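# Summary of the model geometry
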Amino acid sequence: MQTTLIITSIFISILAALFVFARYRMKHIPVVADNDKILTLTDKNFQHQTKNKLVLVDFWASWCAPCRMMAPVLNEVAEELSGNSHIGKVNIEEYQSLAQKFQVRNIPTLILLKNGIEINRFVGVKSKDFLLEQIQKY
């Protein structure tokens, strides 16, 4: 009985340590600068920047660790896109009206727009290959 209790407490301690370590790593993900090809979208330029284009819009916030994880992926996707396909980003802290308009409830939320109209939506961290495949469908 005592051996089981000791093993259980060691197991719980290891799980707690892993949880603390994972939270520490998530909070300390470095901020990555946006690629020059990424459109910074605001409530003033949103309609103009998404008109007559295919734009994958990232709704994000600076405090969101998964959003920071997506930044390098979006930079790579933007680098590979050509023609009328683009990546755009909306900071939901600064432009809450856009987040409300598109009913963004979780971040990161990625919305694929064609001519300013939503054609697909993805929530959470996605891979570069997944995003390129989704963009190429349209």
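Everything here concerns the structure above.
Overview of the structure. Per chain, the residues get numbers from 1 upward, laid out in the order the sequence is written. Under the rules for a predicted model, residues below a pLDDT of 70 receive no local features and side-chain atom pairs below 80 are neither given nor counted, while totals for whole chains, interfaces and linings still include all residues. Hydrogens are left out, water is left out, and the side-chain values use all remaining heavy atoms of the structure.

## Brief notes about a nonpolar patch on the surface
Only residues whose relative accessible area exceeds 30% and that form no salt bridge enter a patch; like-charged residues are grouped when within 9 Å of one another, and nonpolar side chains (Val, Leu, Ile, Met, Phe, Trp, Tyr) when within 5 Å. Surface accessibility in these figures is a Shrake-Rupley result with a 1.4 Å probe; residues are shielded only by whichever protein chains are displayed. Each salt bridge in this description consists of a side-chain nitrogen of Lys or Arg and a carboxyl oxygen of Asp or Glu lying within 4 Å of one another. Residues Ile-6, Ile-10, Phe-11, Ile-12, Ile-14, Leu-15 and Leu-18 make up a contiguous nonpolar surface patch of roughly 690 Å² in combined accessible area. Going along the chain from the N terminus, every DSSP run of H or I of four or more residues is numbered as a helix, and every run of E of two or more is numbered as a strand. With respect to the helices and strands, the residue Ile-14 is situated in helix α1 (residues 2–27).

## Topic: the packing of aromatic side chains
Note on aromatic contacts: the rings of Phe and Tyr and the six-membered ring of Trp form a pair at centre separations within 6.5 Å, being stacked when their planes are under 30 degrees apart, edge-to-face when over 60 apart, and tilted otherwise. Inspection of every chain in the model, using the stated rule, returns three aromatic pairs. Consider the rings of Phe-46 and Phe-102, whose centres lie 5.4 Å apart with planes at 55 degrees: the pair is tilted. Placement of Phe-46 in helix α2 (residues 46–50) and of Phe-102 in the loop between α4 (96–101) and β4 (109–114) is noted, with a sequence separation of 56 residues between them. Buried, partly exposed and exposed residues are distinguished by accessible area as a fraction of the type maximum, computed with a 1.4 Å probe on protein chains only: under 20%, between the cut-offs, and over 50%, respectively. According to the relative accessible area criterion, Phe-46 is buried, its value standing at 5%. Centre to centre, the rings of Phe-122 and Phe-130 are 5.2 Å apart; their planes meet at 85 degrees, and the pair counts as edge-to-face. Taken together, the ring pairs connect Phe-46, Phe-59 and Phe-102 into an aromatic cluster.

## Observations regarding the side chain of Thr-109
Counting through the fold element by element, Thr-109 comes out in strand β4. By the criterion applied in these results, polar contacts are pairs of N or O atoms within 3.5 Å in which, for protein atoms, one can donate a hydrogen and the other can accept it, and in which residues neighboring in sequence qualify only through two side-chain atoms. From its side chain, Thr-109 meets the backbone oxygen of Asn-106 in a polar contact 2.3 Å long. When checking whether two residues touch, look at their non-hydrogen atoms; a contact exists if any pair is within 4.5 Å. Non-local contacts of Thr-109, meaning those with residues more than four positions away in its chain, are made with Val-57, Asp-58, Phe-59, Val-104, Arg-121, Phe-122 and Val-123.

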